[in-house]
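So you can see what is in the structure, the chains are spelled out below.
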Amino acid sequence: MPRISKIEALFLRYSFPDHINYVYSGGVVGNMDVALIRVSTEDGEYGLGEVTHGQFCHDPVIGMVKHFEGILTDHEASEINRAWEMMYQSSVYWNRQGLGIGVMGGIDMALHDLMGKSLGLPVYRLLGGLARSRTRIYASNGLFAESEPLIADAIKARAAGFKTYKLRVVDPETVVSLVAQLHSALDGSMNLIVDAVQGSCAVPWSVNISKKLARDLERYSILWLEEPVRVENIDGYAEVKRASPVNIAGIESLATAEAFRPYLENNVLDVVQFDIATTGFTEGRRIANLASVYQKPVAIHSWGSLVSILAGVHLALVTPNCAITEYGFMDHPINEHLATDDYQVIDGYFRASQLGPGLGVEYSESTGRLFPYEASSVNTMISFEEQDLRL
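Residues numbered from 1 in each chain as written. Predicted model: local features only at pLDDT ≥ 70, side-chain atom pairs only at ≥ 80, totals over all residues. Heavy atoms only, no water.

1. Focus on the packing of helix α2 (residues 80–90) against helix α3 (residues 99–119)
Part 1 of the reasoning: Interhelical geometry of α2 versus α3 gives an angle of 160° and a closest axis separation of 10 Å. With respect to α3, the element α2 is oriented roughly antiparallel. Between α2 and α3 the crossing geometry is right-handed. Counted together, Ile80, Ala83, Trp84, Met87 and Tyr88 of α2 and Ile101, Met104, Gly105, Ile107, Asp108, Leu111, His112 and Met115 of α3 form the full contact between these two elements.
Part 2 of the reasoning: Looking at the contact of α2 with α3, its residues break down into 10 nonpolar, 2 polar and 1 charged. (Axes fitted to C-alpha atoms, helices over the stretch in contact; angles between N-to-C directions. Helix = DSSP H or I, 4+ residues; strand = E, 2+ residues; numbered from the N terminus. Parallel < 35°, antiparallel > 145°, perpendicular 65-115°, else oblique. Left-handed = near helix turned anticlockwise from the far one by under 90°. Contact = heavy atoms within 4.5 Å. Nonpolar A, V, L, I, M, F, W, Y, C, P; charged D, E, K, R; others polar.)

Encoded structure:
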């Protein structure tokens, strides 16, 4: 197997047109930002990964990639487990959570893609083969303050083959009404997920609001309420879970099995939700295995481009306790420039038979030119404007 010659971050941006107004409880989504990792070898082959942290920052990702490139240059590309340990050991003093693990995960994903392409095998074969021939997959958007665009987007997802749709809370005082209107418009044809997004809010609302929200959503039989409190607030998760039978899900920003352990030990999650573009395959499998010990289903989070979406699909296909995986359904053209095939969702499922070598993605320099990234602009994804605390 050839050796690693280069590791680089490739940032893409698509600015949403004025008629699209994506908002949620923590900020405004003005752009589709994508942070890809490309690992190249001495013979010119490459693999792609993705880093979710790159949707929120640029320079730190660049610096972290440069650090790990220095560690892995000339390393045999097929030795993925050793590459993970080398990256972790080189950063163990300061990289037990957060951005460093996220970049490791992106490199790990790219190495799997590279190895799959080299061997002519889909990544799920490298992970031990199928646990199922298809995986449930849901359309994830719902970044709307009004019912009309929300309903239109869900109907669009249904027409594209999805049977489950996730919406974000914009305002806890209006979301129950929006869910009621959406539930009625769909007439039971889709399952619904509600993401409170309190794990990504600079100023989360009070735990009591989330308890009331969970109770008010019970009548709509949502699959789960996602991240209803601040990430670190394990006791708050327990309060919300006790307040309602609605499934409680989280936590996408946790990067390791060790980080998930106290949440599982304290039984505060009904659905374990790690982000594949933070954990990569190596740590993601550890989290899924730990969740299985506690008999908790996994719902893979992949709020990014087709690179992380398909990585989530591959992992879902080999993970017995994976219930569903995520498809970011925002209206942008980036994915069509990354796909190696015309992938289809049929009756709410993504079938393994669609997948060829590697992840099933590609990158050309023309894609970078089509979606140039301006690093100096302010990211509006998480608002830090002064605001009153909701009680």
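2. Concerning the pairing of strand β7 (residues 164–168)
Part 1 of the reasoning: A large share of β7 lies buried, amounting to 5 of its 5 residues.
Part 2 of the reasoning: As paired elements, strand β6 (residues 134–140) and β7 share 2 bridges and run parallel to each other. Bridging from a neighbouring strand, Ala139 pairs with Tyr165 of β7.
Part 3 of the reasoning: Looking at chain direction, β7 and strand β8 (residues 191–195) are connected through 5 bridges and run parallel. Residue Arg168 lies in a different strand from β8, and its bridge partner there is Asp195.
Part 4 of the reasoning: On the question of chirality, the crossover connecting β7 to the parallel β8 by way of helix α6 (residues 175–186) is right-handed. (Buried < 20%, exposed > 50% of the residue type's maximum accessible area, 1.4 Å probe, protein only. Pairing = 2+ DSSP bridges. Right-handed = clockwise from strand over helix to strand, strands pointing away.)

3. Some words on helix α10 (residues 276–293)
In an α-helix there are 3.6 residues to a turn, and that puts residues three or four apart on one side.
Part 1 of the reasoning: Compared with the 26 Å implied by 1.5 Å per residue over 18 residues, the 20 Å span of α10 between its first and last C-alpha is markedly short.
Part 2 of the reasoning: In α10, a bend of some 85° at Thr282 exceeds every other bend along the element.
Part 3 of the reasoning: Its side-chain oxygen 2.8 Å from the backbone nitrogen of Ala277, Asp275 forms the N-cap of α10.
Part 4 of the reasoning: Two residues or fewer after α10 comes Gln295, characterised by a positive phi angle close to 55°. (Expected span 1.5 Å × (residues − 1). Bend = angle between axes of the 7 residues up to and from the residue. Polar contact = N/O pair within 3.5 Å; in protein donor to acceptor, adjacent residues only side chain to side chain.)

4. A word on the packing of helix α1 (residues 59–72) against α3
Part 1 of the reasoning: Their axes nearest at 10 Å, the elements α1 and α3 cross at an angle of 60°. Comparing their axes, α3 and α1 come out oblique. For the pair α1 and α3, the sense of crossing is right-handed. For the pair α1 and α3, the contacting residues are Pro60, Val61, Met64, Val65, Phe68 and Leu72 in the first and Leu99, Gly100, Val103, Met104 and Ile107 in the second.
Part 2 of the reasoning: Tallied by class, the residues present in the contact of α1 with α3 amount to 10 nonpolar, 1 polar and no charged.

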